[in-house]
Amino acid sequence: MKLLVTGGAGYVGSNCSARLVEAGHEVVVVDDLSTGHADAVPDGCRLIQADFADVASTVLGEGFDGVLHFAAKSLVGESMQDPAKYWHGNVVNSLRLLDAMREHGTPRLVFSSTAAVYGEPDEVPIPETAPTRPTNTYGATKLAVDHMISSYAAAHGLAAVSLRYFNVAGAQGRYGERHATETHLIPLVLQVATGQRERIQIYGDDWQTEDGTCVRDYIHVTDLADAHLLAIESATEGKHAVYNLGNGTGFSVKQVIEACREATGHEIPAKVAPRRAGDPAVLVASSERARTDLGWKPERADIATIVNDAWAFTQSR
Ligand code: UFG
């Protein structure tokens with residue numbers, strides 16, 4: 001297939017583009033490089049440096065079989081302080097993309113949704129049927145796009161899949177996490193091991209969990225890339241499928257730090273700090289639907305593999 005990848009210079013987008021190329025698809029990346037890196041775009045992909053919403057109509061006019069839409073603003077804290085950036089960047093721009101797809105008859109879409117659409121869960125592991133009550137603007141904008149996609153699929157025959165990622169981590173070779181503003185646990189812990197940071201702060205140790213720290217479902221970015229390949233290949237006309245992507249197993253902040261100590265051989269000093277606003281105690285996915293419908297199976301579910309791969313990437317930089 002000939003596929004357009006928005007945000008293909010970013011962490012998840014570059015990993016998925018590499019997987020698509022490896023599977024024999026033709027990939028064109030559009031990325032404005034506001035947070036991505038040109039050297040992260042895999043060999044074999046054409047890079048168009050632009051805002052995806054501005055060029056979508058022109059580029060899709062070439063004729064594409066599908067779009068994988070990764071480009072987005074994704075900092076939860078920033079989304080609360082500057083909501084306009086998120087409603088325009090994520091919602092308005094995605095609508096422009098959907099309209100361009102409709103204009104040119106582009107049949108398939110895979111969208112990067114998020115666990116943040118669920119907010120504080122009533123039940124864990126979280127199924128796709130759980131109520132969607134996002135507790136931050138980031139999650140609300142992703143949910144709004146999910147709703148847009150559903151109605152375009154129903155009315156215009158779009159074949160669409162939304163993938164709701166839990167905590168993406170790890171790396172594959174040269175495709176890893178390098179954000180100018182880093183807020184994610186594993187890269188921050190590894191910064192302590194490289195000496196960029198003195199210690200890691202643990203946001204609360206009085207949560208209702210076994211060791212008192214928050215529990216998250218970490219998913220290896222390579223497993224995530226496999227799911228995108230299966231999703232674009234399985235997308236069905238007029239249907240909007242939604243899948244949670246996680247391992248179904250949670251690890252606490254303390255367990256993650258311990259895994260990083262083992263991977264790096266560094267003592268990694270940690271200090272307990274106040275809770276971070278908006279953090280739920282436990283977020284773990286039920287990915288039964290993805291396993292059943294897509295035949296997806298995460299192959300790198302243990303935290304040691306995830307952390308070791310992230311560390312190998314960090315050391316290679
Ligand atoms: N944490 C710390 N110290 C840090 C950074 C994080 O203790 O310095 C803790 C957080 O409180 C949380 C866990 O580590 O309990 C994981 O935090 P991340 O910031 O790595 O990830 P989140 O679970 O907050 O966020 C992820 C995705 C978001 C998505 C969200 C859904 O990265 O995009 O899940 O709730 F919105």
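Residues numbered from 1 in each chain as written. Predicted model: local features only at pLDDT ≥ 70, side-chain atom pairs only at ≥ 80, totals over all residues. Heavy atoms only, no water.

The name an unreviewed UniProt entry gives the protein chain is UDP-glucose 4-epimerase, with Kibdelosporangium phytohabitans as the organism. Regarding the protein chain, the UniProt comment filed under Cofactor (unreviewed entry) reads as follows: "NAD(+)". The record held by UniProt for the protein chain lists under Pathway (unreviewed entry) the comment "Carbohydrate metabolism; galactose metabolism." (UniProt positions renumbered as here; feature names shortened; annotations may be inferred.)

(A) Focus on the sheet that holds strand β14 (residues 282-283). Within the open sheet, the three strands sit side by side as β12-β9-β14. Their pairing is mixed. Single-partner strands in this sheet number two, and they are β12 (251-252) and β14. The pairing of strand β9 (residues 215-216) with β12 spans two bridges and is antiparallel. Residue pairing for β12: valine 215 is matched across the bridge by serine 252. (Pairing = 2+ DSSP bridges. Helix = DSSP H or I, 4+ residues; strand = E, 2+ residues; numbered from the N terminus.)

(B) Just the pattern of salt bridges, in detail. Inspection of the entire model under this criterion finds 18 salt bridges. The shortest N-O distance in the salt bridge between aspartate 226 and arginine 19 comes to 2.7 Å. Pair noted here: aspartate 226 is in helix α7 (residues 221-234) and arginine 19 is in helix α1 (residues 11-22), with a separation of 207 residues, a long-range link. A relative accessible area of 21% places arginine 19 in the partly exposed class. Salt bridges here are not isolated pairs; linked through shared partners, they connect Arg19, Glu22, Asp223, Asp226 and Arg300. (Salt bridge = Lys/Arg side-chain N within 4 Å of Asp/Glu carboxyl O. Buried < 20%, exposed > 50% of the residue type's maximum accessible area, 1.4 Å probe, protein only.)

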